[in-house]
Amino acid sequence: MARLLVVEDDPFVRSALIRQLTEASHTVRSVGTALEALREVAQTAFDLVILDLGLPDLDGAQALKMLRGITDVPVIVATARDDEAEIIRLLTDGADDYLVKPFSVAHLTARMAAVLRRAGGRSGQAGEPAPSGALCVGGLSVDPLRRLAELDGAPLDLTRREFDLLAYLAGRPGVVVARKELLTEVWQQSYGDDQTIDVHLSWLRRKLGETAAKPRYLHTVRGVGVKLEPPQVHLEQP
């Protein structure tokens with residue numbers, strides 16, 4: 001059972017979602033505007049937010065950015081927009097998943113379960129680290145149990161998904177991890193768009209101070225996958 005906030009301005013859609021999610025043993029609150037959603041999230045600890053984009057007071061994409069400013073609660077965006085660029089922007093801005101309308105409650109429930117599994121913590125999945133230790137790759141330190149990451153002693157400000165991705169790769173240093181494996185193990189999805197991975201890798205690279213053209217830790221092996229390894233040290237010849 002999860003505590004859910006449904007943000008949907010269409011009263012018929014909202015009523016249907018509330019009824020069916022309640023029948024599935026979830027605790028559901030609902031609002032019809034972005035500002036009401038922000039107030040609810042500020043006052044109540046939810047396990048997941050289902051956010052419609054077509055809200056009357058604020059665009060849902062703006063609402064998502066504002067939500068991310070006050071909480072790390074998982075958000076599934078429900079949208080009638082199937083534009084790929086828009087979906088990438090939503091994922092980049094902090095959405096944990098998205099569904100294109102119309103969708104079935106069974107589909108929504110499956111996506112919710114996957115998001116809630118990811119949000120529930122992923123200790124033990126990144127190389128089974130010792131309880132007192134962190135995973136160290138070069139100057140990078142990742143502690144999956146405390147969910148802390150540092151680069152050269154400086155803390156990294158990572159989103160939950162960025163941390164999960166980094167921790168999974170750090171538990172397999174030097175190993176090329178297939179994109180399908182990342183989708184299955186990090187995103188808990190048996191299928192998906194490779195661009196979802198590319199977006200998160202891009203943001204992770206930026207926080208590690210590198211680019212795809214000039215990688216230090218994250219290396220893409222074209223057609224195969226991604227690996228994380230310490231930067232190479234080039235010794236000058238005497």
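Counting restarts for each chain: residues are numbered from 1 in the order of the written sequence. Totals for whole chains, interfaces and linings use all residues, but because this is a predicted model, local features are given only for residues with pLDDT of at least 70 and pairs of side-chain atoms are given and counted only at 80 or more. Only heavy atoms go into the side-chain values, all of them from the structure, while hydrogens and water stay out.

### Some words on helix 3 (residues 60–70)
Each turn of an α-helix holds 3.6 residues, which means side chains three or four residues apart point in the same direction.
Next, step 1: Taken residue by residue, helix 3 has Gly 60, Ala 61, Ala 63, Leu 64 and Leu 67 as its buried positions. End-on view of helix 3: buried residues confined to an arc of 155°, all on one side of the axis.
Next, step 2: Residue contacts are counted whenever heavy atoms from the two residues lie within 4.5 Å of one another. Here a strand is any run of E in DSSP of at least two residues, a helix any run of H or I of at least four, and the numbering for each starts at the N terminus. Residues of helix 3 that are buried sit in contact with helix 2 (34–43), strand 3 (48–52), strand 4 (75–79) and helix 4 (84–92). Using a 1.4 Å probe on the protein chains alone, a residue whose accessible area is under 20% of its type maximum counts as buried, one over 50% counts as exposed, and one in between counts as partly exposed. The arc in question is the one traced by the directions running from the helix axis out to the C-beta atoms.

### Some remarks on the confidence of the model for the protein chain
Next, step 1: Counting all residues, the mean pLDDT for the protein chain is 83, and 90% of those residues have values of 70 or more.
Next, step 2: With pLDDT under 50 throughout, residues 121–132 is counted as low confidence; its partners more than four residues away or in other chains account for 22 contacts.
Next, step 3: Segment residues 234–238: pLDDT under 50, and zero contacts once partners within four positions in sequence are set aside and those in other chains are kept. You can read pLDDT as the predictor saying how much it trusts each residue, on a scale of 0 to 100.

### Things to note about the sheet that holds strand 6 (residues 135–137)
Next, step 1: The pairing criterion for strands is at least two bridges between them, as found by DSSP. Read from one edge of the open sheet, four strands run 6-7-8-9, paired in antiparallel fashion. One side of each edge strand has no neighbouring strand; the edge strands of this open sheet are strand 6 and strand 9 (154–155).
Next, step 2: Where strand 8 (residues 148–151) lies against strand 9, two bridges are found, and the strand directions are antiparallel. Bridging from a neighbouring strand, Glu 150 pairs with Pro 155 of strand 9.
Next, step 3: In this description, a line fitted to the C-alpha atoms serves as the axis of each element, helices being fitted only across the stretch in contact, and the angle between N-to-C directions of two axes falls anywhere from 0 to 180 degrees. Each of strand 6, strand 7 (140–143) and strand 8 touches helix 6 (residues 160–170); the most contacted strand, strand 7, lies at about 105° to it.

### Overview of unusual backbone geometry
Next, step 1: Omega for the peptide link from Lys 101 to Pro 102 comes to -5°, which places this bond in the cis form.
Next, step 2: Within the element layout of this structure, Pro 102 appears in the loop between strand 5 (97–100) and helix 5 (105–119).
Next, step 3: Of note in the backbone geometry, Ser 25 takes a positive phi value of approximately 75° without being a glycine.
Next, step 4: Topologically, Ser 25 is positioned in the loop between helix 1 (11–23) and strand 2 (27–31).
Next, step 5: Since its relative accessible area comes to 44%, Ser 25 is described here as partly exposed.
Next, step 6: Although it is not a glycine, Asp 152 adopts a positive phi angle of roughly 55°.
Next, step 7: Positionally, Asp 152 belongs in the loop between strand 8 and strand 9.

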